[in-house]
Amino acid sequence: MLSRVADNLYWMSRYLERAEHTARLMDVNFTQSLDQTPEARDRRWERVLASLNATVRGADLYGIVEGLAFEPGNTSSIAACIAQARENARQVREQISTEMYEQINRLYFQVRNTNRSAFWDDEPHSFFKLVREGAHLFQGITDSTMSYDERWHFIQVGRFLERANNTSALLSTQFTVLRENEVAQPVMEYHYLDFVGLLKSCTAFEAYCKAYTADIQPERVAEFLLLNPDFPRSVCFAAEVIQNSLSAIGRSTGQRHAGRAQRLAGRLRAALDYGQVDEIMADDLHSYLASIQRQCGQIHDSVYQTYITYPADIALAS
Amino acid sequence: MFATEQQVRPHYQSIYERLNDMTADELDRRQQAANLAFLSQGITFTVYGRDEGTERVFPYDLLPRIIPAHEWATIEKGLTQRITALNMFLRDIYHEGKILADKVIPRSLVYSCRHYRREMRGVHVPRNIYVSVVGTDLIRLEDGSFAVLEDNLRVPSGVSYMLANRSVMKKVFPNLFGSYGVRSVDQYGQALLSTLRALAPAGRPDPNIVLLTPGVYNSAYFEHTYLARQMGIELVEGRDLLVHDNVVYTRTTGGLKRVDVIYRRVDDDFLDPLAFRPDSMLGVAGLINAYRAGNVALANAVGTGIADDKAIYAYVPRIIRYYLGEEPIINNVETYLLDDEKERRYVLENLDKLVVKAVGESGGYGMLIGPHSTAAEREEFRARIIAEPRNYIAQPTLALSQAPCFVEGNFEPRHIDLRPYILYGDQVTIVPGGLTRVALKRGSLVVNSSQGGGSKDTWVLYE
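Residues numbered from 1 in each chain as written. Chains lettered and ligands numbered in written order. Predicted model: local features only at pLDDT ≥ 70, side-chain atom pairs only at ≥ 80, totals over all residues. Heavy atoms only, no water.

A. Representation of the sheet that holds strand β6 (residues 209-212) of chain B in the model. Residues and elements named next belong to chain B. Taken in spatial order, the four strands of this open sheet run β7-β6-β11-β12, and their pairing is parallel. In this open sheet, the two strands that pair with only one neighbour each are β7 (234-236) and β12 (297-299). Each strand of the sheet is rotated relative to its neighbour by a mean of 30°, with strand direction disregarded. Sheet topology note: the β6/β7 ladder contains three bridges and is parallel. Looking at β7, one finds that Val210 is bridged to Glu234. (Pairing = 2+ DSSP bridges. Helix = DSSP H or I, 4+ residues; strand = E, 2+ residues; numbered from the N terminus. Axes fitted to C-alpha atoms, helices over the stretch in contact; angles between N-to-C directions.)

Following this line, the structure appears as structure tokens:
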């Protein structure tokens, strides 16, 4: 497969995952912030923006929501992510199934044709839902119309690296609200909403309740979103998919230097597989999450160095 | 379709009867079905200069154009002869230049051509094949014979429409089509692949063949993806290729992979920023050196544009006689060369009756159509011709033949031409059919897709 094709498939998938994540985060937080005090609301959106690594210039709640939904200059905005994903798909149109292209194209036009007054009139919720469902549909179509070959594995790597990154960034900003001694306690009322919001931002509320009942404890929330091997939005689950897909890519390309990316993915997975939440919390959750994000970055870099932007003379020598 | 006002030409008889039996509604329904098939398959071309909705369906006319076997046999022979001679001409021009030494063609005419490539002097091309893929535009004259209007020897396009028109036709009129005895065109992809394979450098028994496209923003991008899929070869852009030690590679996830043959749909000018336009982002630095070293084959070769220059066109009958010692089977349209003093005088006196074309232009631009022109336009062209006679040719105003088309619920006559596609590899292959282009505007003579043209399926019959 051409390196350019791998590059486009990887980013198509990453951008779409990012759009979906932003949509879910905004939907949950917008609804929850409606009945908060202005100070609590400001702090909440500060955290949301920090977790997305985004800035929206001097805006109120409505400005922030609009900015994150539509602003083309804001690389985390939903509209910008979907436009990018569609452009990536367009570049490799003959490499993906017709059904996939039609779906991402449709989603792009639905988002682009939403004007801002209609957005507020029809409730922002229905817009965010449209984006989420559009992205889910695309993933479903991808999984049911494509061969699970190298191309599909690059799509998987893009999607789950983005997910691992987003979930850990979200956890990190969320846990800044707690003072150290509160971590092991059942949450106080004013934190309760925040942690439900966190779980819902990862569609994890119901799954969490099934595992731990509705007794919301920060430590358990962290354990569930970080270390649960079965829940598809946990970091551990993502690490497993990344490792498997990178092994599959390594096998099918026969790249001599495939080892580094696989080793990094294996290390990340092992750290999460054998991690103990009490130790992580006792030690330093933030530096642990920062290390996960750093490792995601390293995996990204090594995928690029191995498969996409490798120097030509090294490839010729081998 | 009609020989005279009332008399249907024999090979159209059966379709004429069938169509007479159909109601306008039924025809309309089939037209809608055809349009939908094009749209859902994404068979579109790009219109430049607009931000939104840049992809358009190429208008498709429901009624086929039918060519009986004996007419096709002449076309096939004539085109084979013409391509063989033009290919020999190209080899000669870039090597010994015998035809110039023998003064059959003026040296100045060749060397002043914008598409002449000095870089190709003395370069050996695989099997001495310069033009592997050719699209030649034919028109039918009043006496019923075909004549060549133009040769396209650089990067001819449109073949995907020939194939797509056929597949839609089979879906929309299965019974009519099945009963007619129409020769198949579906083997084109296969034939193109073996043509390209024949160009592979020596010692590369299982050549890696790629199709080089300028990218998604090119007007023919659909065709590039379509042909790549049909042949099962990789569709690449300039940035996917790199040259090292005069060998071309694609950058793949599995490392660098050597490339042996490039079917390039990029013009000469943009192929290699080191050899031609330095600002080209579409090409590959070093490609021409690898090509000269014989490590990679290009189809078509570089510099073939010299042979489809409109002024050289006038000499093609002489080229055929010179290299093959035969009379041309398909004639040219009569053409006046304006740097010949006698012909120029005639043209300047008769500007109101003639068509004047700039030699470097295509797509229906830079033309004076005498009978439709104003005195001011004729004066302007007179001045231009006198200033630069080499840049213009003149031809009599032709009555392009017409065919009935289904326009807004009625059958109306429209002007048409025909572009068959010729492949030159191990041997010359012409897939029986071609792209019939239609000037869909009433009375218009311009069939180019950029200027409101459409197309028809072209049926070549077994007998």
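The rest of the description comes next.
B. Highlighting the interface of chain B and chain A. With 25 residues of chain B in contact, the opposing surface of chain A contributes 25 residues. Carbon and sulfur atoms make up 47% of the surface buried where chain B meets chain A, a total of about 2100 Å² over both sides. Of all residues in chain B, B:Val216, B:Arg251 and B:Thr253 give up the largest surface area on contact with chain A, accounting jointly for 32% of the area buried on that side. Across the contact surface, chain B and chain A share two salt bridges. (Contact = heavy atoms within 4.5 Å. Buried area = accessible area lost by both parts, 1.4 Å probe. Salt bridge = Lys/Arg side-chain N within 4 Å of Asp/Glu carboxyl O.)

C. The sheet that holds strand β17 (residues 392-396) of chain B, seen in detail. Residue and element names in this part refer to chain B. Judged by pairing direction, the sheet is antiparallel, and its four strands sit side by side in the order β14-β17-β15-β16 without closing on themselves. Each of the sheet's edge strands pairs with one partner strand only, and the pair in question is β14 (336-337) and β16 (367-369). Where β14 meets β17, two bridges bridge the pair, whose relative direction is antiparallel. Bridge pairing links Tyr336 to Ala394 in β17. Across the sheet, helix α15 (residues 375-387) touches β15 (354-358), β16 and β17, and the angle it forms with β16 is around 130°.

D. Spotlight on the packing of helix α1 (residues 3-33) of chain A against helix α7 (residues 124-145) of chain A. Residues and elements named next belong to chain A. Taken N-terminus to C-terminus, the directions of α1 and α7 make an angle of 150°; their axes are 9 Å apart at the nearest point. By the criterion of interaxial angle, the relationship of α1 to α7 is roughly antiparallel. Along this stretch, α1 crosses α7, giving a crossing that reads as left-handed. From α1, Met12, Leu16, Glu17, Ala19, Glu20, Ala23, Arg24, Met26, Asp27 and Phe30 reach across to α7, where they touch Pro124, His125, Phe128, Val131, Arg132, Ala135, His136, Phe138 and Gln139. (Parallel < 35°, antiparallel > 145°, perpendicular 65-115°, else oblique. Left-handed = near helix turned anticlockwise from the far one by under 90°.)

E. Layout of the pairing of strand β3 (residues 60-67) of chain B. Residues and elements named next belong to chain B. Counting buried positions over the eight residues of β3 gives eight, a clear majority of the element. Across five bridges, the pairing between β3 and strand β23 (residues 453-460) is parallel. Within β23, the residue paired with Ile66 across the bridge is Trp459. (Buried < 20%, exposed > 50% of the residue type's maximum accessible area, 1.4 Å probe, protein only.)

F. Expanded view of helix α13 (residues 316-324) of chain B. Residues and elements named next belong to chain B. All of the buried residues along α13 are Val316, Pro317, Ile319, Ile320 and Tyr323. Considered in projection along α13, the buried side chains sweep an arc of 160° and stay on one side of the axis. For α13, the secondary structure elements touched by its buried residues are α3 (69-93), α4 (98-101), β5 (146-152), α12 (310-313) and β13 (331-332). At the C-terminal side of α13, Gly325 shows a positive phi close to 60°. (Arc of directions from axis to C-beta.)

G. Layout of a negative patch on the surface. A cluster of acidic residues, A:Asp278, A:Glu279, A:Asp283 and A:Asp284, forms a negative patch at the surface. The residue A:Glu279 is located in helix α14 (residues 277-283) in this model. (Patch = residues over 30% accessible without salt bridge, like charges linked within 9 Å, V, L, I, M, F, W, Y side chains within 5 Å. Areas by Shrake-Rupley, 256 points an atom, 1.4 Å probe, with all protein chains shown as cover. Lys, Arg positive; Asp, Glu negative; His and termini not counted. Charge placed at Lys NZ, Arg CZ, Asp CG, Glu CD.)

H. View of the packing of aromatic side chains. All names here are of chain A. Taken as a whole and judged by the stated rule, the model has 32 aromatic pairs over all chains. Aromatic side chains Phe127 and Phe128 sit 5.8 Å apart centroid to centroid with 65° between the ring planes, which places their arrangement in the edge-to-face category. Taken together, Phe30, Tyr62, Phe70, Phe119, Trp120, Phe127 and Phe128 form an aromatic cluster joined through their ring pairs. Above the plane of the ring of Phe205 lies Lys200, whose end atom (NZ or CZ) is 5.4 Å from the centre. (Phe/Tyr/Trp six-rings, centres within 6.5 Å; stacked < 30°, edge-to-face > 60°. Lys NZ or Arg CZ within 6 Å of the ring centre and 35° of its normal.)

I. Looking closely at the pattern of salt bridges. Taken as a whole, this structure holds 47 salt bridges over all chains when the rule is applied. Among the ionic pairs, A:Arg90 bridges to A:Glu87, the shortest N-O distance being 3.7 Å. Separated by three residues within a single helix, A:Arg90 and A:Glu87 lie in helix α4 (residues 78-91), roughly one turn from each other. Assessed through its relative accessible area of 22%, A:Glu87 is described here as partly exposed. Notably, a salt bridge pairs B:Asp260 with B:Arg204, separated by 2.6 Å at the nearest N-O pair. With B:Asp260 in the loop between β10 (255-258) and β11 (261-264) and B:Arg204 in the loop between α8 (188-197) and β6, this pair connects stretches of sequence that are 56 residues apart. Linked by salt bridges that have partners in common, A:Glu17, A:Glu20, A:Arg24, A:Arg163 and A:Arg233 make up one network.

J. Quick look at the environment of A:Ala239. All names here are of chain A. Along the chain, the position of Ala239 falls in helix α12 (residues 235-253). Judged by relative accessible area, Ala239 falls into the buried class, the value being 1%. Considering only alpha carbons, one finds Ala239 and Leu272, 33 residues apart in sequence, at a separation of 8.0 Å. Leave out the neighbours within four places in its chain, and Ala239 touches Leu268, Arg269 and Leu272.

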